[in-house]
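Inside the fold
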Amino acid sequence: MHRVTTKYGNKATIVDRIVNVFSSFAMLLILIGVSITLYEIVMRYVFQSATTWVYKTTLWLAAVTYLVSGILAMQRREHIRVTVIYDVVSPKLRLILDYLALYVLIVYATLMLVGSFDQVWESLSHAFKTGNIYSLPFGPTIKPLVLLTTVSIVIVAINNLLIDHLNIGRSSNSKLPENSTE
């Protein structure tokens, strides 16, 4: 069995593997969105028979792709960071900055979950009560996906912190120095 590694030379954790699976799935969603948009164009301009479902479905696919790309950006450490400062400070200060960023992220995620849980639950329960096969509840599914994405980003941030600073999951032939983050 070969060893799966990240682009940083670290052994891929289960979190990394899950993110990679979901991001591959998101790439397929883009292809599906383009395909059904092409189908809509052919139906509308060639057969004069426009569809009613392509627009909402394409928006939903784009929203899901956007959410998954946020998780992937966090996993690859390509999220917004003030690199001018971060790259010149000592590894110890980087660790402090990473813990501070994780703390802020956890506070945000907690407030997001607590503040919007009732609204998400109401939206989902209403959609399931009133939806039918011809009117799929795409809109109400985005709210729970935003919450799942928020929690997933926190999990990925914790995973990155463990890998970068505590050397958990680091392979023996890692390309990163012991005290480096990127």
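Everything that follows concerns the structure shown earlier in this document.
Let us look at the structure shown here. Source: prediction; values computed, not measured.

What about the overall build of the protein chain?
Helix and strand content of the protein chain: five helices and zero strands. Taken from N to C terminus, the helices and strands of the protein chain fall in the order α-α-α-α-α. By sequence separation, contacts in the protein chain at least 24 residues apart represent 70% of the contacts at least 6 residues apart. Looking at the protein chain as shown, the accessible area adds up to about 12,300 Å², and 70% of this sits on carbon and sulfur atoms.

Considerations on the side chain of Thr150
Inspection of the secondary structure assignment puts Thr150 in helix α5 (residues 138-166). A relative accessible area of 8% places Thr150 in the buried class. Once you skip the residues sitting within four places of it in the chain, Thr150 turns out to touch Tyr108, Ala109 and Met112.

As for the packing of helix α1 (residues 14-45) against helix α2 (residues 54-75)
The geometry of α1 relative to α2 is characterised by a closest axis approach of 9 Å and an angle of 155° between their N-to-C directions. One finds that α1 runs roughly antiparallel with respect to α2. The chirality of how α1 crosses α2 is left-handed.

Side note on unusual backbone geometry
One non-glycine residue with positive phi stands out, namely Gln48, at about 50°. Locating Gln48 in the fold gives a position in the loop between α1 and α2. Although it is not a glycine, Arg77 sits at a positive phi angle of roughly 60°.

Quick notes on the environment of Ile142
In this structure, Ile142 sits in helix α5. Once residues lying within four places of it in the same chain are set aside, the contact partners of Ile142 are Trp60, Ala63 and Val64.

Quick word on the nonpolar core
A general feature of soluble globular proteins is that nonpolar side chains tend to end up buried together. Among the nonpolar cores identified, the biggest contains 13 residues, and Val19, Ile71, Met74, Leu105, Ile153, Val156 and Ala157 are the most heavily contacted of them. Top contributing element to this core by residue count: α5, with five residues. Leaving out residues up to four positions away in the same chain, Ala157 has contacts with Met74, Leu102 and Leu105. One finds Leu29, Ile36, Leu61 and Val64 within the second-largest nonpolar core, a separate group that totals seven residues.

A few points about α2
In a regular helix each residue adds 1.5 Å, so 22 residues correspond to 32 Å; α2 covers 31 Å between its end C-alpha atoms and thus fits that length. Of the positions making up α2, those classed as buried are Val54, Thr57, Leu61, Val64, Thr65, Leu67, Val68, Ile71, Leu72, Met74 and Gln75. Looking at the residues trailing α2, positive phi occurs at Arg77, about 60°.

Some details on a nonpolar patch on the surface
Taken together, the side chains of Ile14, Ile18, Phe22, Phe25, Leu28, Leu31 and Ile32 make up a nonpolar region of the molecular surface, amounting to roughly 710 Å² of accessible area. Take Ile18: it is sitting in helix α1. Of the residues examined, Ile18 reaches a relative accessible area of 43% and is grouped as partly exposed.

Notes on the side chain of Asp164
Inspection of the secondary structure assignment puts Asp164 in helix α5. At a separation of 2.9 Å, a polar atom in the side chain of Asp164 contacts the side chain of Arg77.

Details of the pattern of salt bridges
Counted by the stated rule, this structure contains two salt bridges. Arg44 is the salt-bridge partner of Glu40, the closest N and O atoms lying 2.9 Å from each other. Taken together, the positions of Glu40 and Arg44, both in helix α1 and four residues apart, correspond to about one turn of that helix. Judged by its relative accessible area of 11%, Glu40 is buried. Asp164 is the salt-bridge partner of Arg77, the closest N and O atoms lying 2.9 Å from each other. Placement of the pair is Arg77 in the loop between α2 and α3 (83-86) and Asp164 in helix α5, with a sequence separation of 87 residues. Arg77 gets classed as buried once you look at its relative accessible area, which sits at 10%. By relative accessible area, Asp164 is classed as buried at 6%.

What counts and what doesn't
Residues numbered from 1 in each chain as written. Predicted model: local features only at pLDDT ≥ 70, side-chain atom pairs only at ≥ 80, totals over all residues. Heavy atoms only, no water. Helix = DSSP H or I, 4+ residues; strand = E, 2+ residues; numbered from the N terminus. Contact = heavy atoms within 4.5 Å. Areas by Shrake-Rupley, 256 points an atom, 1.4 Å probe, with all protein chains shown as cover. Buried < 20%, exposed > 50% of the residue type's maximum accessible area, 1.4 Å probe, protein only. Axes fitted to C-alpha atoms, helices over the stretch in contact; angles between N-to-C directions. Parallel < 35°, antiparallel > 145°, perpendicular 65-115°, else oblique. Left-handed = near helix turned anticlockwise from the far one by under 90°. Core = buried A, V, L, I, M, F, W, Y, C linked by side-chain atoms within 4.5 Å. Expected span 1.5 Å × (residues − 1). Patch = residues over 30% accessible without salt bridge, like charges linked within 9 Å, V, L, I, M, F, W, Y side chains within 5 Å. Salt bridge = Lys/Arg side-chain N within 4 Å of Asp/Glu carboxyl O. Polar contact = N/O pair within 3.5 Å; in protein donor to acceptor, adjacent residues only side chain to side chain.

The analysis is restricted to geometry; functional conclusions fall outside its scope.
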